[in-house]
Amino acid sequence: MNKINPMLIMILALGVFGIITTEMGIVGILPQVTEKYHITASQAGWLVSIFALVVALSGPFVTLLASGINRKTILLTAVLMFAVSNVVYAFTSKFDIMLLFRIIPAIFHPIFFSVALVTAAQLVSPEKSGKAVTQVFAGITVGFAFGVPLTSYLAERLSLEAAFLFGAAVSGIAFAGIAAWLPSMPIKEKMSYGKQLSILRKPQLWLHIATITLIFAAMFSVYSYFAEYLAEVTHMSGSWISLMLMIFGIIMIWGNFVFGGFLNKSLRKTVIIFPLLYIGVYTAVYFLGEYFNPMVVIIIIWGIVHSGGLIVSQAWLTTEAKEAPEFGNSLFVSFTNLGITVGTATGGWFIAHLGIHQLIWSGALFAILALVTVIVKVNWKAAIAKSL
């Protein structure tokens, strides 16, 4: 690997961007999807939750099974599946077919993430590996900042077909770049399944897993219906919703640094404060969501808080998965997506049975439960320290 194209790291980041755009771009176009397929908002919400559910159920196992396969083959297969799926979304007239092609790429989602991060670290010298991984990981935040609102904008201004073909084009470019520039990367050494799975015996790990699942349920039970809520409750136009999604995403980039600073000062305090912040945001959304100007301000604050979910959850889980960090990362991907599934499904239930304005309380409920699990873990750790 003497001659690695400097663009390759960016291509891997582009692949991550394409995956996030495919997974979460649907959030910004649910109103158009419900109209095209003549379905309810809660039914359309399954396009978000079924994707996340498949990732949650298959993530660790598929990642373990693929751990011996050439990394180039895995990356190419994953981005190809995302490109093909977006083409299907663009042209199918059947909601069931669209739902099926949310399942297929979801199987490859956790594999691409874990392999792309490891690949980025191996493509550069050891002292630059951290920076390379950060650059690839940035594709997530950029996907929220630009991929989701761009999808919404294209659907509003052009068509749903154009929005989905944008996602296909991004993955297609990533496929071409990986095919052209990434050398073959066969696996030389492989950690045993038993060693990786052994961390699951730790009871405290499961409390951490419960916390991150509930945090993501709190985040996505409402965020999954972001566009629908702004359209129905705040009465924003499609163009304003696209703008709000972009502002939300851009603010998330800054919010990552804010919460990164908090975590450096105190992991425990940050994890305790995070659910409280979300409860405060959701209370403000509930009481002021009908008012345009206050809602714009709340969305900015909401974006900052939302950005913390990813970095806070990962830091919290990592403290209990140090023995097998790669498998720990797959658990993170899996259970955060389980949280997205549970949250989106619960949010859909609230909309169907109580109305979209009451949706906010589903998020607040999960935030309260997350706070409870954090307090239990903190007290448990304190009790153990005291007994010693």
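Keep in mind that what you see is a predicted model, and the values were worked out from it rather than measured.

Asks: Explain the overall build of the protein chain to me, using residue names and the numbers behind them.
Replies: Across its full length, the protein chain carries 16 helices and zero strands. In summary, the protein chain has a C-alpha radius of gyration of 20 Å against a globular reference of 21 Å for 388 residues, a match within 12%. Considered along the principal axes of its C-alpha atoms, the protein chain spans approximately 60 × 55 × 35 Å. The proportion of buried residues among the 388 residues of the protein chain is 55%. Within the protein chain, contacts between residues at least 6 apart in sequence are counted, and of these 84% link residues at least 24 apart.

Asks: Quick one: what's the story with the packing of helix 10 (residues 203-223) against helix 13 (residues 267-288), residue by residue and with numbers?
Replies: Describing two packed helices takes the angle between their axes plus the distance from one axis to the other. The N-to-C vectors of helix 10 and helix 13 enclose an angle of 20 degrees; their axes lie 11 Å apart at closest approach. The pairing of helix 10 with helix 13 is recorded here as roughly parallel in orientation. For helix 10 against helix 13, the interelement crossing comes out left-handed. From helix 10, Ile215, Ala218, Met219 and Val222 reach across to helix 13, where they touch Phe274, Tyr278 and Tyr282.

Asks: Residue-level account of the packing of helix 12 (residues 238-265) against helix 14 (residues 292-318), with values.
Replies: Following both chains from N to C, one finds helix 12 and helix 14 inclined at 45 degrees, their axes separated by 6 Å at the closest point. Compared by their axis directions, helix 12 and helix 14 come out oblique. As for how helix 12 packs across helix 14, the hand of that crossing is right-handed. When its residues are assigned to classes, the contact of helix 12 with helix 14 shows 19 nonpolar, seven polar and no charged.

Asks: Report on helix 1 (residues 8-24), specifying residues and quantitative values.
Replies: When the terminal C-alpha atoms of helix 1 are compared, their 24 Å separation across 17 residues agrees well with the 24 Å that a helix rising 1.5 Å per residue should span. Among the 17 residues of helix 1, 15 are classified as buried, and the element is accordingly described as predominantly covered.

Rules and cut-offs
- Residues numbered from 1 in each chain as written.
- Predicted model: local features only at pLDDT ≥ 70, side-chain atom pairs only at ≥ 80, totals over all residues.
- Heavy atoms only, no water.
- Helix = DSSP H or I, 4+ residues; strand = E, 2+ residues; numbered from the N terminus.
- Rg over C-alpha atoms; globule rule 2.2 N^0.38 Å.
- Buried < 20%, exposed > 50% of the residue type's maximum accessible area, 1.4 Å probe, protein only.
- Contact = heavy atoms within 4.5 Å.
- Axes fitted to C-alpha atoms, helices over the stretch in contact; angles between N-to-C directions.
- Parallel < 35°, antiparallel > 145°, perpendicular 65-115°, else oblique.
- Left-handed = near helix turned anticlockwise from the far one by under 90°.
- Nonpolar A, V, L, I, M, F, W, Y, C, P; charged D, E, K, R; others polar.
- Expected span 1.5 Å × (residues − 1).

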